[in-house]
Every structure is written in structure tokens, then in C-alpha cells.
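What follows is the residue order along each chain.
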Amino acid sequence: KNQAARLGAHFHYDTALQDGGFPRAAYASVLYLSDVGGPTVVLDQVADMHCDRWPEVPQEGHLVMPRLNRYMVFPGELRHGCMPVDDCRSPRYVILFNFWARHTPSAPSCQVPDFSSYSPVSEWAVTS
């Protein structure tokens, strides 16, 4: 899903909102496409149908700074987000991947890509 990332500090759970909002990915991941932008923060806080935050106040958090080609994976049920660094207004370039074990979100959150119009990289890549 393509969306603007100029959100400032924000935290969320990866959910299938159109499917009721509670299915969570087994794993969430972030691939950084540059060294610019704020860190990803993962908290020890989860949510379920009975409680929107547990524990009420996070006890631990982990921070990962952007670095070109850095790839991070964490349990998809954890609350996470990104934070700006100082007054930096540079956009954050990332690709987010979610891995679903028991649920397949409906469109537009989960789509099977159509590769029929893409030629294999080996047809046009420069090789030595």
C-alpha cells in the first residue's frame, strides 16, 4: 500500500482494518531505502479485543535507526511507529512487509502482484 510518510511521530498496530481491525500480522518488517529520517520504535505493548493497550504504559522500547538496506523484523502484534529526529523534515523511505500466518487481509491491504508486464531482471541487467 502506498501512502505518504510525513506523519511526524505516530504509533500503531498493523491490522486489517477492513476485516474487523483485530487480525495482526505474525511478523512485521521494515526495509530502509536510505540513511535519512527518524527511527522505528517498537514497544512492548499489545492490543486485543478486550484491551486497546497492554500494558497501559510500555515498559520497554527498541529503536532502530535508518540505514540503507537495513532490514528489521519484529512480532506483528507489538505497537510500533516512527519518530522525527530534531527538526528534520526529510522524508523517510522504507518498504514495509507484513507476514500473515492465520489471516489474509482483503484488498487493498493485501494484493497478489501482477508480474505479467515485467520482464525478468536477467533480460536487461548489466552483468560482468
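All values reported here derive from a predicted model rather than from experimental measurement.

Draft legend 1. Expanded view of the environment of Arg89. Along the chain, Arg89 falls in the loop between strand E6 (80-82) and strand E7 (94-99). Taking relative accessible area as the criterion, Arg89 reaches 70% and is therefore assigned exposed. Residues Arg89 and Val36 lie 53 residues apart in sequence; the distance between their C-alpha atoms is 9.8 Å.

Draft legend 2. Quick peek at the confidence of the model for the protein. Averaged over the protein, the pLDDT score is 77; the fraction of residues at 70 or greater is 70%. Of all secondary-structure elements in the protein, the lowest mean pLDDT belongs to strand E1 (residues 10-12), at 61, while strand E5 (residues 71-75) reaches the highest, 95. Segment residues 1-7: pLDDT under 50, and 4 contacts once partners within four positions in sequence are set aside and those in other chains are kept.

Draft legend 3. Representation of a nonpolar patch on the surface within the structure. Taken together, the side chains of Tyr27, Leu33, Tyr71, Val73, Tyr93, Ile95, Phe97 and Phe99 present a nonpolar region at the surface, about 770 Å² in accessible area. Broken down by secondary-structure element, the contributors of at least two residues to the nonpolar patch are E5 and E7. For the nonpolar patch, the leading source of residues is E7, giving 3 residues.

Draft legend 4. Fine view of the sheet that holds E7. Taken in spatial order, the 3 strands line up as E5-E2-E7 in an open sheet, and their pairing is antiparallel. Each end of this open sheet is capped by a strand with a single partner; those strands are E5 and E7. Along the sheet, successive strands turn relative to each other by an average axial angle of 15 degrees, direction set aside. The pairing of strand E2 (residues 27-32) with E5 spans 5 bridges and is antiparallel. Note that in E5 the partner of Ala28 across the bridge is Phe74.

Conventions adopted
- Residue numbers run consecutively from 1 along every chain, following the written order of its sequence.
- For this predicted model, a pLDDT threshold of at least 70 governs which residues receive local features, and a threshold of 80 or more governs which side-chain atom pairs are given and counted, while totals over whole chains, interfaces and linings are taken from all residues.
- Hydrogens and water are ignored here; the side-chain numbers use all heavy atoms of the structure.
- What counts as a helix is a DSSP run of H or I of at least four residues, what counts as a strand is a run of E of at least two, and both are numbered from the N terminus.
- With a 1.4 Å probe rolled over the protein chains alone, any residue whose accessible area is under 20% of its type maximum counts as buried; one over 50% counts as exposed, and the rest are partly exposed.
- Each residue carries a pLDDT score, the predictor's own confidence in it, on a scale running from 0 to 100.
- By definition, residues are in contact when any of their heavy atoms lie within 4.5 Å.
- Each patch groups residues whose relative accessible area exceeds 30% and which form no salt bridge, using 9 Å between like charges and 5 Å between nonpolar side chains of Val, Leu, Ile, Met, Phe, Trp and Tyr.
- Only the protein chains shown count as cover for residues, and all accessible areas are computed by the Shrake-Rupley method using a 1.4 Å probe.
- Take a side-chain nitrogen of Lys or Arg and a carboxyl oxygen of Asp or Glu: if they are within 4 Å of each other, that pair is a salt bridge.
- Whether two strands pair depends on DSSP finding at least two bridges between them.
- Axis definition: a line fitted to C-alpha atoms, over the contacting stretch in the case of helices. Angles run 0 to 180 degrees between N-to-C directions.

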